There are 2 protein chains.
Amino acid sequence: MAKTLLSRYPWISSPFIVGAPMRVMSGPELATAVSRAGGLGFIGPGAKTQDTAADLAEASTLVQKAPGSSTLSSTHPLLPVGVGFQLWSDDLHIASTAIEKFRPCAVWLYAPRQNDEFDTWSRRIRDASPETQIWIQIGTLEEAKNLLKAAERPDVVVVQGAESGGHGRAKDGMGLMALFPEIADAMSHTSIPLIAAGGIADGRGVAAALCLGASGVAMGTRFLAARETRISRGYQDEVVRASNGAVSTTRTLLYNHLRGTRGWPEAYSPRTIINKSFLEQQEGKSFEELKKLHDEATKAGDLGWGPQGRLATYAGAGVGLIHEVKEAADIVCDVQQDARRRALSASTAI
Amino acid sequence: MAKTLLSRYPWISSPFIVGAPMRVMSGPELATAVSRAGGLGFIGPGAKTQDTAADLAEASTLVQKAPGSSTLSSTHPLLPVGVGFQLWSDDLHIASTAIEKFRPCAVWLYAPRQNDEFDTWSRRIRDASPETQIWIQIGTLEEAKNLLKAAERPDVVVVQGAESGGHGRAKDGMGLMALFPEIADAMSHTSIPLIAAGGIADGRGVAAALCLGASGVAMGTRFLAARETRISRGYQDEVVRASNGAVSTTRTLLYNHLRGTRGWPEAYSPRTIINKSFLEQQEGKSFEELKKLHDEATKAGDLGWGPQGRLATYAGAGVGLIHEVKEAADIVCDVQQDARRRALSASTAI
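## Brief notes about helix H16 (residues 328–349) of chain A
Inference 1: Given a rise of 1.5 Å per residue, 22 residues ought to cover 32 Å, and the 31 Å separating the end C-alpha atoms of H16 of chain A matches this to within 8%.
Inference 2: If you check which residues of H16 of chain A are buried, you get Ala-328, Ile-331, Val-332, Val-335, Gln-336, Asp-338, Ala-339, Ala-343, Ala-346 and Ser-347 of chain A.

## Details of the interface of chain B and chain A
Inference 1: Contacts between chain B and chain A engage 46 residues on the former and 46 residues on the latter.
Inference 2: Contact with chain A buries area across many residues of chain B, yet Met-177, Cys-211 and Ile-350 of chain B alone supply 21% of it, more than any other trio.
Inference 3: Where chain B meets chain A, there are 2 salt bridges.
Inference 4: As a salt-bridge pair, Asp-185 of chain A and Arg-204 of chain B come within 2.9 Å of each other at their nearest N and O atoms.
Inference 5: In this structure, the connection of chain B to chain A is made through 8 residue pairs in polar contact (both at pLDDT 80 or more).
Inference 6: Among the secondary structure elements, those contributing two or more residues to the side of chain B that touches chain A are helix H8 (176–186), helix H9 (203–212), helix H12 (245–248) and helix H16 (328–349) of chain B.
Inference 7: Here the side of chain B that touches chain A is built from residues that sort into 26 nonpolar, 12 polar and 8 charged.

## Some remarks on the relation of the copies chain B and chain A
Inference 1: Each copy of the sequence occupies a distinct position, and chain B is placed on chain A by a rotation of 180° and an axial shift of 0.0 Å, giving an RMSD of 0.0 Å. Here the copies are linked by what is in effect a two-fold axis. Across chain B, the smallest distance between a C-alpha and the rotation axis is recorded for Ala-208 of chain B, namely 1.9 Å.
Inference 2: Counting the interface residues of chain B, we find that 100% of their copies in chain A are interface residues as well, pointing to one common contact surface.

## A look at the pattern of salt bridges
Inference 1: Summed over all chains, the structure comprises 36 salt bridges over all chains.
Inference 2: One salt bridge in this structure joins Asp-155 of chain B and Arg-126 of chain B, with 3.2 Å as the shortest N-O distance. Of the two residues, Asp-155 of chain B sits in the loop between helix H7 (141–149) and strand S6 (156–160) while Arg-126 of chain B sits in helix H6 (residues 116–128), which places them 29 residues apart along the sequence.
Inference 3: The partner of Glu-238 of chain B in a salt bridge is Arg-241 of chain B, and the shortest N-O contact between them spans 2.7 Å. Placement of both Glu-238 of chain B and Arg-241 of chain B in helix H11 (residues 233–241) is noted, with a separation of 3 residues, approximately one turn of the helix.
Inference 4: Look at the salt bridges and you will find they share partners, linking Arg-123, Arg-126, Glu-152 and Asp-155 of chain A into a network.

## Re unusual backbone geometry
Inference 1: Omega for the bond connecting Ser-14 of chain A with Pro-15 of chain A falls within 30 degrees of zero, at -5°, which places this linkage in the cis form.
Inference 2: One can find Pro-15 of chain A in the loop between helix H1 (3–8) and strand S1 (17–19).
Inference 3: For Asn-244 of chain A, which is not a glycine, the phi torsion comes out positive at approximately 55°.
Inference 4: Its identity as a non-glycine residue notwithstanding, Arg-103 of chain B has a phi of 45°, on the positive side.

## Some details on the sheet that holds strand S2 (residues 40–43) of chain B
All names here are of chain B.
Inference 1: Read once around its circumference, the closed barrel built from 8 strands follows the order S1-S2-S3-S4-S5-S6-S8-S9, with strand pairing classed as parallel. Neighbour-to-neighbour, the strand axes of this sheet turn through a mean angle of 25°, independent of strand direction.
Inference 2: Sheet contacts for helix H2 (residues 28–36): strand S1 (17–19), S2 and strand S3 (79–86); angle to S2, the most-contacted strand, approximately 165°.
Inference 3: Seen against the sheet, H7 touches strand S5 (133–138) and S6 and runs at an angle of roughly 150° to S5.

## Some details on the domain arrangement of chain A
Residue and element names in this part refer to chain A.
Inference 1: Domain parsing of chain A yields domain 1 (3–231 + 323–349) and domain 2 (233–319).
Inference 2: Here the C-alpha centre of domain 2 lies 25 Å away from the C-alpha centre of domain 1.
Inference 3: Approximately 2,200 Å² of surface area, both sides summed, lies buried where domain 1 meets domain 2, with 59% of it carried by carbon and sulfur atoms.
Inference 4: On the domain 1 side of the interface with domain 2, the three residues burying the most area are Trp-88, His-167 and Ile-231, jointly 26% of the side's total.
Inference 5: Along the contact surface separating domain 1 from domain 2 lie 0 salt bridges.
Inference 6: At the boundary of domain 1 with domain 2, the tally comes to 14 residue pairs in polar contact (both at pLDDT 80 or more).
Inference 7: For the side of domain 1 that touches domain 2, the secondary structure elements donating two or more residues are strand S7 (166–169) and helix H10 (221–224).
Inference 8: Of the residues forming the side of domain 1 that touches domain 2, the biggest block, 4 residues, is contributed by S7.

## Some words on the packing of helix H8 (residues 176–186) of chain A against H9 of chain B
Inference 1: As a packed pair, H8 of chain A and H9 of chain B sit with axes 10 Å apart at the nearest point and diverge in direction by 140°. Judged by the angle between their axes, H8 of chain A and H9 of chain B are oblique. When you trace H8 of chain A past H9 of chain B, the crossing you get is right-handed. Here H8 of chain A contributes Met-177, Pro-181, Ala-184 and Asp-185 of chain A to the contact with H9 of chain B, which in turn contributes Arg-204, Gly-205, Ala-208, Ala-209 and Leu-212 of chain B.
Inference 2: Partitioned by chemical class, the residues of the contact of H8 of chain A with H9 of chain B number 6 nonpolar, 1 polar and 2 charged.

## What about the packing of aromatic side chains?
Inference 1: Scanning the entire structure with this criterion turns up 26 aromatic pairs over all chains.
Inference 2: Arranged with centres 6.0 Å apart and planes meeting at 20°, the rings of Trp-108 of chain B and Trp-135 of chain B form a pair that is stacked. Of the two residues, Trp-108 of chain B is situated in strand S4 (residues 104–110) and Trp-135 of chain B in strand S5; the sequence distance between them amounts to 27 residues. Trp-135 of chain B matches Trp-108 of chain B in its accessibility class, with the two residues each being buried.
Inference 3: An aromatic cluster is defined as three or more aromatic residues linked by ring pairs; in this entry it consists of Tyr-9, Trp-11, Phe-16, Phe-42, Trp-108 and Trp-135 of chain A.
Inference 4: Here the basic side chain of Arg-262 of chain B rests over the ring of Phe-287 of chain B, its NZ or CZ set 5.7 Å away from the ring centre.

## Here's the deal with the nonpolar core
Inference 1: Counting 238 residues, the largest nonpolar core has Trp-135 and Phe-223 of chain A together with Trp-135 and Phe-223 of chain B as its most contacted members.
Inference 2: Among the elements that make up this core, the one with the highest residue count is H8 of chain B (8 residues).

## Considering the sheet that holds strand S8 (residues 194–197) of chain A
All names here are of chain A.
Inference 1: Strand order in the closed barrel formed by 8 strands is S1-S2-S3-S4-S5-S6-S8-S9, and the pairing between neighbours is parallel. The average angle at which neighbouring strand axes cross in this sheet is 25°, direction not considered.
Inference 2: Two elements, strand S5 (residues 133–138) and strand S6 (residues 156–160), share 4 bridges in a ladder whose sense is parallel. If you follow Trp-135 over to S6, its bridge partner there is Val-156.
Inference 3: Docked against the sheet, helix H7 (residues 141–149) engages S5 and S6, running at close to 150° with respect to S5.

Basis of the calculations
Residue indices follow the written sequence of each chain, beginning from 1 at its first position. Written order decides the labels, with chains lettered from A and ligands numbered from 1. Whole-chain, interface and lining totals are the exception, using all residues; otherwise, since this is a predicted model, local features are given only for residues with pLDDT of at least 70 and side-chain atom pairs are given and counted only at 80 or more. Calculated side-chain values reflect all of the structure's heavy atoms, with hydrogen atoms and water omitted. Helix and strand definitions follow DSSP, with helices as H or I runs of at least four residues and strands as E runs of at least two, each counted in order from the N terminus. Given a helix with a known number of residues, its expected span is that number minus one, times 1.5 Å. A simple rule labels every residue: compare its accessible area, found with a 1.4 Å probe on the protein chains alone, to the largest value its type can have, and call it buried under 20%, exposed over 50%, or partly exposed in between. Contacts: residue pairs with any heavy atoms within 4.5 Å of one another. When two components associate, each loses some accessible surface as probed by a 1.4 Å sphere; the sum of these losses over both components is called the buried area. What makes a salt bridge here is a side-chain nitrogen of Lys or Arg within 4 Å of a carboxyl oxygen of Asp or Glu, nothing more. Polar contacts, as used here, are pairs of N or O atoms within 3.5 Å; protein pairs need one atom able to donate a hydrogen and one able to accept it. Residues neighboring in sequence count only if both atoms are side-chain atoms. By the convention adopted, Pro, Cys, Tyr, Trp, Phe, Met, Ile, Leu, Val and Ala count as nonpolar, Lys, Arg, Asp and Glu as charged, and the other residues, Gly among them, as polar. C-alpha atoms of residues with pLDDT of at least 70 in both copies form the basis for the least-squares superposition of the copies. Paired strands, in this sense, are two strands between which DSSP finds at least two bridges. As a rule, the C-alpha atoms of each element are fitted with a line to give its axis, helices using only the stretch in contact, and angles between N-to-C directions run from 0 to 180 degrees. Source of the domain bounds: an automatic or database domain assignment. Between 65 and 115 degrees an angle is taken as roughly perpendicular, under 35 as roughly parallel, over 145 as roughly antiparallel, and anywhere else as oblique. Take the far helix as the reference: if the near one is turned anticlockwise from it by less than a right angle, the crossing is left-handed, and if turned clockwise, right-handed. The aromatic pairing rule takes the rings of Phe, Tyr and Trp, using the six-membered ring of Trp, and pairs them if the centres are within 6.5 Å, calling planes under 30 degrees apart stacked, those over 60 edge-to-face and the rest tilted. Here, a charge over a ring is recorded when the distance from Lys NZ or Arg CZ to the ring centre is within 6 Å and its angle to the ring normal is within 35 degrees. The criterion is simple. A nonpolar core is a set of buried Ala, Val, Leu, Ile, Met, Phe, Trp, Tyr and Cys residues joined through side-chain atoms within 4.5 Å.

Right, dumping it as structure tokens:
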């Protein structure tokens, strides 16, 4: 693991597991549980940027008072969780005010309307909290090259493969196996550590990503099935149930639109588990009708998800690797242990 | 590496590198060079099934007379190269006659019209040459499950990710990072070794695939840039030049049709490097016009390939990892060495 990472986040253990900042779903409870287990948990963007301050405040409280927190809080002057923002929809002023107040150890920036927004946000965040590290998520070689030309270099780059759940590159994405090494080559003259994301849900994927050159791995979908995640039971059950992500998930804007979410830059689209809304759209049902049925399903509680459901179920193509809901700490530790075993086994076999 | 593989192909060294059976391009010279270097080289399907016998005869001669061949030929009663067939287009009778005569150590079956063709071919091949191992290439979990129900179990299964070049799954493919572990789980109760393919072009990908659970790795595109490959210089130059496979390659049937190749089962489509034929199709040029320009380009020699070219340039999304033409033996050895280093480094880092 890159030494910069170890020195910045002294509580982390190896291999470096990151809890991705899933919008709303990655709350303070999940983020602190991941960090406490030796990973780095990110709080996701809020429904509104205003919500982030409350999440950071809660994380701050959790770090101070929860068992085991002494290690975490005494070793680091910053808040030992990160926080993510969607640049196209989040408010920089509100975000930087919260960052200045709570000083999270890392801020994860994603999905600008224009590339130079990364610079604007990075500069403002570094002014607000100089020791906070800037993480930037990309999914293409072109974005990597743009980062190399940027005025404000990120401290960490997250490389997201096409396997990922939630929002990713709409059309120019690619599987990590081919994408990651090419981006790593393009950035090899920098000392910026790369984190792999997308389709990784167990120790095999973590060990594989490290072989590709990653300094750590971010997981989103795997943490959808963590007890601490801010998610409906129906959604979580569906993540555990679903298999064969290659065909049971797809990229579509439909669920964004059904939820009333519009405005994502067109470079992005989300991967979601397919259910009746998508299938009936394919069969030709009108958006108006789908929307009406969707809105009724929101009142059905946990029955709104699943093969007969109609609600958005953002998840990655690795969903078939997830078989149970566990505590976040167990996910981190089990994945780490499995990754060590896999890497050792591969290394001794050859 | 699975012990069955080592005992069947006693000349192979670890990690197990396989030269994929690329149609026409993987000829006897390439296949024997890969096997001689400690891998397993496959001869690709011929333009006609009849061509395979001549290729096998030449491989047989090369194994006997070439330097270093003593190790290869004395250790194994079968021909130490494999041969591939496209089931939808190849003739089983002609194929099995050649297999009976030349006894290749392995036969790689791909792209049936119907699933039961795997059984028909496997039975006939096992009758013709009982010690020849049956390899079957799949790209989906569903195909894996079908193999488990088949009357004739394959000896080896190749799992091809969506990153692969040439023909792969048209619509239900997925990146290896998510696909491979899920298929491995579905087949874990069998002792069938799995080979990973698709987007792997260097030691990083090989080490990563082993961590995912592969017993070895098949590479196609990387061997397009081998000196021994039966390929035009213009094509090969383009493989070396091209980068950013996520956007410089695409899946399209256009080049098949321009070449007059029709009849592939619709589950499959090929990944190819984009050039003027595809770009002008996107702009609305008619097939007739594209075909005329394509046919003229076939007379332009090596200028028919490249960004200004019009000819089919099948290649995988890992094309940006390939920077030079090398001898096949150097590719095998360099990749093996790099893979060992990467796996060791990942294992000691965590």
